[in-house]
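Working through the structure, step by step
Each chain is listed here by its residues.
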Amino acid sequence: MARESRAKAAELLTVRQVLDELGGISRRTFYRWRELRLAPACIRLPNGELRVRRDVLNDWLEERAEGAAS
């Protein structure tokens, strides 16, 4: 069970998966957020594609929750 939790946390999401998770925001919006350093931290693969770790995305979302402690 713990192994499955760690595997899920370390899951690498594609940009498309992240966009879907965020309610279908546009790719352009996501890349604009990256330019402004507002997007979740990404991993650039050797082929140039981006990935976002599941746990990083979840933490990023928690930080933006209304009423979150500052």
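If you're wondering where the values come from, they're calculated on a predicted model, not measured in any experiment. (Residues numbered from 1 in each chain as written. Predicted model: local features only at pLDDT ≥ 70, side-chain atom pairs only at ≥ 80, totals over all residues. Heavy atoms only, no water.)

So, on to the overall build of the protein chain. What the protein chain contains, in helices and strands, is 4 helices and 3 strands. The N-to-C order of helical and strand elements in the protein chain reads α-β-α-α-β-β-α. Taken over 70 residues, the protein chain has a buried fraction of 21%. Looking at the protein chain as shown, the accessible area adds up to about 5400 Å², and 49% of this sits on carbon and sulfur atoms. (Helix = DSSP H or I, 4+ residues; strand = E, 2+ residues; numbered from the N terminus. Buried < 20%, exposed > 50% of the residue type's maximum accessible area, 1.4 Å probe, protein only. Areas by Shrake-Rupley, 256 points an atom, 1.4 Å probe, with all protein chains shown as cover.)

Position of R51 relative to the elements: it lies in strand 3 (residues 50-53). A distance of 2.9 Å separates a polar atom in the side chain of R51 from a polar atom in the side chain of E49. (Polar contact = N/O pair within 3.5 Å; in protein donor to acceptor, adjacent residues only side chain to side chain.)

A word on the side chain of R54. The residue R54 is located in helix 4 (residues 54-63) in this model. Overall, R54 belongs to the buried group, its relative accessible area being 11%. At 3.1 Å, the side chain of R54 forms a polar contact with the side chain of E21.

Below, the discussion takes up the packing of aromatic side chains. If you walk through the whole model with that rule in mind, you get 2 aromatic pairs. Geometrically, the ring pair formed by F30 and Y31 is edge-to-face, given 5.7 Å between the ring centres and 85 degrees between the ring planes. A ring pair is formed by W33 and W60, whose centres lie 5.9 Å apart and whose planes are at 45 degrees; its orientation type is tilted. Highlighted residues: W33 in helix 3 (residues 27-35) and W60 in helix 4, separated in sequence by 27 residues. Judged by relative accessible area, W60 falls into the buried class, the value being 9%. (Phe/Tyr/Trp six-rings, centres within 6.5 Å; stacked < 30°, edge-to-face > 60°.)

Bringing the pairing of strand 3 into the picture now. Two faces belong to every sheet, and in a regular strand the side chains alternate between them. Relative to strand 3, strand 1 (residues 12-14) runs antiparallel, the two being bridged by 3 bridges. In the strand pairing of strand 3, T14 is matched with R51. (Pairing = 2+ DSSP bridges.)

One finds L13, V15, V18, L19, L22, I25, F30, A39, L50, V52, L57 and W60 forming the largest nonpolar core, which totals 12 residues. Those elements giving two or more residues to this core turn out to be helix 2 (15-21), strand 3 and helix 4. In terms of residue count, the dominant contributor to this core is helix 2 (3 residues). In contact with L13, other than residues within four places in its own chain, are V18, L50, R51, V52, R54 and L57. (Core = buried A, V, L, I, M, F, W, Y, C linked by side-chain atoms within 4.5 Å. Contact = heavy atoms within 4.5 Å.)

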